[in-house]
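# Inside the fold
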Amino acid sequence: MYPRLVYDLTKLRQNLDAVSETVHQGDCSMMVVTKGVCADARIVELLISHPGVDYLADSRVKNLKTYAGKARVAGKKTVLLRLPMLCEVADVVRYADLSFNSELATIRALSEAATEADVVHNILLMIDLGDLREGIFFRDEEQIFQAVSEILAMKHIHLQGVGVNLTCYGAIIPKNDNLSQLVEIAKKIEARFGIELQMVSGGNSSSIYLLGENEALKERQLPAGINNLRLGESFLLGNDTAYETKLPGTCSDTMLLEAQIVELKEKPSLPIGEPGVDAFGQKPVYEDRGVIRRAILAIGKQDAEPGSMTPIDPGIDILGASSDHLIVDVTRSKTEYKVGDVLSFTLGYGGMLKAATSPYVEKGYR
Ligand SMILES: Cc1ncc(COP(=O)(O)O)c(C=O)c1O
C-alpha cells in the first residue's frame, strides 16, 4: 500500500558504522536518537545490536516505552532528551535510565517518583550556551551551583553530568569556544562540590564536524572534556547539520517516500478566478509555466513536508500540496507517467519526521 516510507537498513547500518567510528575515535560515547523515525522497531533493533551504540535516546517517553526493556537486556541505556513534563515523571523514572533537566521543580518531582519506585534516576543538567532553548543560562553560575547543591542532596537522583543543545532552535553552531564554556562549568561544579561528573554531553549532529572528519575542518576542535554526543540526523540522513555538508562514509538516500499518482492531466499552471487563501491560510504564489502535465499524488501535508522532499526523477518539480494531495509538474520528465504509477522521494529532516510519524504512511524495509 501507498504512501509508503521504505527504510534501507543496509544504508542505515553503513551510516551507523561511519558515525560510530568517528564518535568513538573522538573518545566520546554515543547516544543515537530514535525520534526521527518514530522509534521504528526494525531500526531500534539495528541500534540495539550495534556495539557502537551506548545509549538510545528519544524526546518522547511513549517511544522509550516501546524499547526500554529490550535495550536494557542488551546492555544499552535509555535517555529522555526533552525535559520531562510534570505529568509523566513516573514513566520517566520507569523507562528512561537518564533524563535531561533544567528545572528544580521537575527534578524534585522525579526524585519523589524515583523514591516511590525505589530506583536511582540519573539526570543531566542542561546548560544553555546561547541557543536559547533548554538549560540554565551559562552566565548564571550561581543558579547552576544552587541547582547542583539541591540535586546532590536527593538520595534517589544521581547527577550524571551536564549537557548542552545547540542549533536545533537558535541555529547557533557549536564551536571550540562555546563548548569550552560547558567544560569549564563542569570543572567548576566538580571543584566546588568535590564530585566527578561522568558525562559532559556536547550536543547533537551539529557537533560531529568538530571531530575533524569533514572537508572544512581537518583536525579535532571538540574541546577535551566533552565525552558524549547525541546523534539523530547524522545517522539517519548522513548530514553534518552545522554547515550542511555530507559526512564521509554516509548515504542520504537511507529512506525513500513513495506515493501513487491518482490524477494526471494537462492543465494551466495558473489558477483561474479571484485568489484567496489556501487550505492552510496562505496566499500561494504561482509561476506561469503555460500548460503543463500535472500529477496529483495521494499524499499531503498531513503526512509529508513538500519542502523537505526531493523527487528521484530529476524531471519532476513539486508545485505544492494541500492536506491530502501533492501536486507535481511532470512535463520535463522522460517517463510517460500514468495513473497508478508510484513516484519516489528522498527526504530532508522535516520530511522524514512527518512521514515516519504519520499512521497513514506504511513502513517498509529493504
Ligand atoms: C536534546 C537533543 N539532543 C539531540 C538531538 C538530536 O539532534 P540531531 O538529529 O540534530 O542529531 C535532539 C533532537 O532530536 C535533541 O532535542
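Numbering of residues starts from 1 in each chain and follows the order in which that chain's sequence is written. In keeping with the predicted nature of the model, local features appear solely for residues at pLDDT of at least 70, side-chain atom pairs appear and are counted solely at 80 or more, and the whole-chain, interface and lining totals rest on all residues.

## Some thoughts on the pairing of strand S10 (residues 228–231)
Note on burial: count the other C-beta atoms lying within 10 Å of the residue's C-beta; 20 or more is buried, 12 or fewer is exposed, in between is partly exposed, and C-beta positions come from the backbone. Secondary structure elements follow DSSP: runs of H or I of four or more residues count as helices, runs of E of two or more count as strands, with numbering from the N terminus. Side chains of S10 alternate between two faces, with Asn 228 and Arg 230 and Leu 229 and Leu 231 buried alike. Strand pairing is defined by DSSP finding a minimum of two bridges between the two strands. In the sheet, strand S2 (residues 29–33) pairs with S10 via 4 bridges, with the strands oriented parallel. Directly across from Val 32, in S10, lies its bridge partner Leu 231.

## Focus: the nonpolar core
The nonpolar side chains of a soluble globular protein tend to be buried with one another. Each nonpolar core comprises buried Ala, Val, Leu, Ile, Met, Phe, Trp, Tyr and Cys residues, the members being joined through C-beta atoms within 7 Å. Counting residues in hydrophobic clusters, the biggest one holds 102 residues, and the most contacted among them are Val 32, Leu 110 and Ile 127. Just so you know, the domain bounds were taken from an automatic or database domain assignment. Counting only domains with at least three residues in this core, you end up with domain 1 (9–244) and domain 2 (255–365). Among residues more than four places away in sequence, those in contact with Leu 110 are Pro 84, Val 89, Val 92, Val 93, Ser 99, His 121, Ile 123 and Ile 157. Residue pairs qualify as contacts under a 7 Å threshold applied to their C-beta atoms, which are placed from the backbone.

## Comments concerning the domain arrangement of the chain
In terms of domains, the chain is made up of domain 1 (9–244) and domain 2 (255–365). Opposite the 9 residues of domain 1 that make contact, domain 2 presents 7 residues. Per-element accounting of the side of domain 1 that touches domain 2 gives the leading share, 3 residues, to helix H8 (residues 233–237). Residues are grouped as follows: Ala, Val, Leu, Ile, Met, Phe, Trp, Tyr, Cys and Pro are nonpolar; Asp, Glu, Lys and Arg are charged; every other residue, Gly included, is polar. Each residue belonging to the side of domain 1 that touches domain 2 can be placed in one class, and the counts come to 5 nonpolar, 1 polar and 3 charged.

## Remarks on the environment of Phe 193
Relative to the helices and strands, Phe 193 is located in helix H7 (residues 176–193). Overall, the presence of 15 C-beta atoms within 10 Å leaves Phe 193 in the partly exposed class. Distance in space between the C-alpha atoms of Phe 193 and Leu 83 is 24 Å, their sequence separation being 110 residues. Residues within four places of Phe 193 in sequence aside, it is in contact with Val 148 and Leu 152.

## Notes on the environment of Ile 327
If you trace the backbone, Ile 327 turns up in strand S17 (residues 326–329). Residue Ile 327 is classed as partly exposed on the basis of its 18 C-beta neighbours within 10 Å. In this structure the C-alpha to C-alpha distance between Ile 327 and Leu 236, which are 91 residues apart in sequence, comes to 27 Å. With residues near it in sequence (within four places) discarded, Ile 327 still touches Arg 294, Ile 296, Leu 319, Gly 320 and Ala 321.

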